[in-house]
Structure formats: structure tokens, C-alpha cells
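# Results of the structural survey
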Amino acid sequence: GRLKVETALRRRLAVASMKRADLIVTPSHAMGEMIREVCPQTRNRRFHTLYHGFAKGALAEPLDEKLAQALASGKGIKLLFPTHAAAHKGFDVLFQMLARLKADGVEFCLFTTIARDDWPEGVETFERTIRVLGLTDHVVFMGRVPQRQMGGLYAQCDLMVYPSLCESFGFSMIEAMGYGLPIVAAGTAINREMCGDGALYYPPLDAAAGALAIKEA
């Protein structure tokens, strides 16, 4: 209940601020369109997209030993989903995709940067789902990885999977492309805007199509 109240108040403050702004700056066109749709009070305001960027040198520090050992423990294709634990990140669909890959005999290991501290109840649910689907040996929760070491993950993994259903920008998609890492992403407006032709897409809630996209990649 408290979280709902806080969210409602934050939304009212954000809308009130945008209604009074001369210019609303968003990190993606898709986010601006989402604001217009969800908050019709802002439709007469002027929007501008200002994309983020990143410097590869800022991500170039070597992985620490513990992270490097975790990465080396995976067998088969190394899949990467750099994110934090949250309901909108698409893990439910992702785990079903992985279960289909396992059933098809694909050898893989998914590495994701979530930590229990992100969302304890949610991570416990993830762990139960992984056990039920028989994916315990195929999923590694690495915990939070320092941003300056992320380049090591992009460089050493084979494919980034990005099932997130809602983003304002999606830094890791840009970073992965900067490292030449292939991407399979949910076909949301923001993911398509960020990656363009640099990814394969699947309908966001279709686990079967997602698994096929990973096999194609």
C-alpha cells in the first residue's frame, strides 16, 4: 500500500512538472510517446529526444577473479542479460525461453547481473521458477557487477538476451552493440529504437518465438 501511494505521488509530481515545462527531454523517442499516451495532459508540451552514450574505455577494467570464475563455469553458449531484478524486466518469459532451449538440447548458460538485494521477494520467486524448470545448472546470478568491469562480460559472452518489457533507454543494448555482441530482444518500441537492425526481435510475451530467435542468432 505504501509503495502504491508513493508511486501515485511521484506520478502526480512528474505530470505537474511536465505540464509547466517549456521543453520535456527524454532519452528516447519511445519514452516521449509513452508519456504522451499515458499522461494526455502533456500532449501540448514540446518534447525532445537526447540519447545517452558511453565511452568504451570506462568499461575496460578486467573482471575480478570471482566474476571471471563464475563466467568460466558456464558450459555451452554464454547468454548475458545485464540488468537488475524488477517485475518489468521480462524474467518470466525469459525462463520459459530457456526451458524450451533446454528441451531442444541446446547447451547454454545464462549470466545475469541481478542481486538478491535488488528485490528479495522477486529473486526468491525467480529461484523457485528456475528449480521447477530444471534450469539450476543453466542460470548464474552474478550479483552486481561494477560498471567499469562490464566490458569483460560483453567481450566474453556469445549473445545478449534482452527480454525487458519497459525501459526509458536501455544502456546495456548500446553497450553490447559497442562491443559487437549479438542481441536478441523483445520487440518493444524502445528496444527497436535502440538497436535498429542490430538485433533479432520476438513478440515480447512469446517464449516460443524468443527461443527460436536465440537459436537463429
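Heads up: these notes are all about the structure in this document. From a predicted model like this one, the values you see are computed outputs, not experimental measurements.

### Re the sheet that holds strand 8 (residues 200–202)
The strand order across the open sheet formed by six strands is 5-4-3-6-7-8, and the pairing between neighbours is parallel. At either end of the open sheet lies a strand with only one pairing partner, and these are strand 5 (139–141) and strand 8. Sheet twist, expressed as the average angle between the axes of neighbouring strands with direction ignored, equals 25 degrees. Of the strand pairs in this sheet, strand 7 (residues 183–186) and strand 8 are connected by three bridges, and their pairing is parallel.

### What about the nonpolar core?
In this structure, Leu-79 and Leu-98 are the most contacted members of the largest nonpolar core, which totals 57 residues. No other element matches the seven residues that helix 4 (residues 91–103) contributes to this core. Dropping the residues within four chain positions of it, Leu-79 is found in contact with Leu-98, Leu-101, Phe-108, Cys-109, Leu-110, Phe-111, Leu-159, Val-161 and Ile-214. Met-18, Ala-21, Ile-35 and Phe-47 belong to the second-largest nonpolar core, a separate cluster that totals seven residues.

Rules used in this analysis
- Residues numbered from 1 in each chain as written.
- Predicted model: local features only at pLDDT ≥ 70, side-chain atom pairs only at ≥ 80, totals over all residues.
- Heavy atoms only, no water.
- Pairing = 2+ DSSP bridges.
- Helix = DSSP H or I, 4+ residues; strand = E, 2+ residues; numbered from the N terminus.
- Axes fitted to C-alpha atoms, helices over the stretch in contact; angles between N-to-C directions.
- Core = buried A, V, L, I, M, F, W, Y, C linked by side-chain atoms within 4.5 Å.
- Buried < 20%, exposed > 50% of the residue type's maximum accessible area, 1.4 Å probe, protein only.
- Contact = heavy atoms within 4.5 Å.

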